[in-house]
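Fold and contact review
Residues per chain, in single letters:
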Amino acid sequence: MSKSASSLTFTQISSFLEFDLRMISQIGRRKIFSTPIGKIYYRGSKDYGYSNKNWWYSIDPDIIIKENVDYLCLAADYIGFFLIPSELFNEYRTHNIVGGVKGGRENFTIIKDGTRLIRRESKCHDWDISQYFIPYKH
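Residues numbered from 1 in each chain as written. Predicted model: local features only at pLDDT ≥ 70, side-chain atom pairs only at ≥ 80, totals over all residues. Heavy atoms only, no water.

1. Comments concerning the packing of aromatic side chains
- A complete count under the given rule lists ten aromatic pairs for this structure.
- Note on tyrosine 57 and phenylalanine 108: the rings are 6.2 Å apart at their centroids and 80° apart in plane angle, and the pair reads as edge-to-face. Of the two residues, tyrosine 57 is situated in strand β4 (residues 55–59) and phenylalanine 108 in strand β7 (residues 106–113); the sequence distance between them amounts to 51 residues.
- Assessed through its relative accessible area of 1%, tyrosine 57 is described here as buried.
- Ring centres of tyrosine 92 and tryptophan 127 lie 5.3 Å apart, and the angle between their planes is 20°; this geometry places the pair in the stacked category. Of this pair, tyrosine 92 sits in helix α3 (residues 86–95) while tryptophan 127 sits in strand β9 (residues 127–128), placing them 35 residues apart in sequence.
- Here the aromatic cluster, defined as three or more aromatic residues joined through ring pairs, consists of Phe10, Phe33 and Tyr42.
- The aromatic ring of tyrosine 48 is capped on one face by lysine 53, whose charged end is 4.9 Å from the ring centroid.
- The ring centre of phenylalanine 108 lies 3.9 Å from the NZ or CZ of arginine 119, which sits over that ring. (Phe/Tyr/Trp six-rings, centres within 6.5 Å; stacked < 30°, edge-to-face > 60°. Helix = DSSP H or I, 4+ residues; strand = E, 2+ residues; numbered from the N terminus. Buried < 20%, exposed > 50% of the residue type's maximum accessible area, 1.4 Å probe, protein only. Lys NZ or Arg CZ within 6 Å of the ring centre and 35° of its normal.)

Encoded structure:
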């Protein structure tokens with residue numbers, strides 16, 4: 001693992017999931033990949049270690065919709081990653097007004113709450129996403 005990187009790479013995650021790397025291709029210049037299980041939108045985050053933020057991602061919901069992305073893959077530093085179906089991501093957005101960042105992107109903050117992993121956004125309902133977490137073992 002590169003010391004300058006803050007999280008698992010998509011190549012590391014793909015190998016861990018035992019994807020045939022010859023069957024994976026990046027779509028354009030974005031972090032979207034065509035894989036055996038569908039299109040995956042990848043983002044990585046270091047562990048910030050704050051009480052209100054362990055991992056933070058900037059997600060572009062328009063890209064997820066326009067590119068018909070099947071899953072969000074969110075690397076949680078080097079301990080693992082979340083593989084979240086995009087329809088659940090979109091459903092959360094229909095019921096919550098998520099805070100924005102520049103360029104139309106949105107916040108995606110995850111905190112550790114005991115054994116649970118929670119998506120927590122200001123003025124939104126908490127979403128327990130523990131079931132979508134896959135621990136990474138070398």
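2. Focus on the pairing of strand β6 (residues 80–85)
- Counting buried positions along β6 yields six of six residues, so the element is predominantly enclosed.
- Of the two faces of β6, both are covered, the one formed by Gly80, Phe82 and Ile84 as well as the one formed by Phe81, Leu83 and Pro85.
- The hairpin formed by strand β5 (residues 71–76) and β6 contains three residues between the paired strands, and aspartate 77 there has a positive phi angle of roughly 45°.
- Looking at chain direction, β6 and strand β10 (residues 133–135) are connected through three bridges and run antiparallel. In the sheet register, phenylalanine 81 faces β10, and the bridge partner there is isoleucine 134. (Pairing = 2+ DSSP bridges.)

Keep in mind these numbers describe shape, not what the thing actually does.
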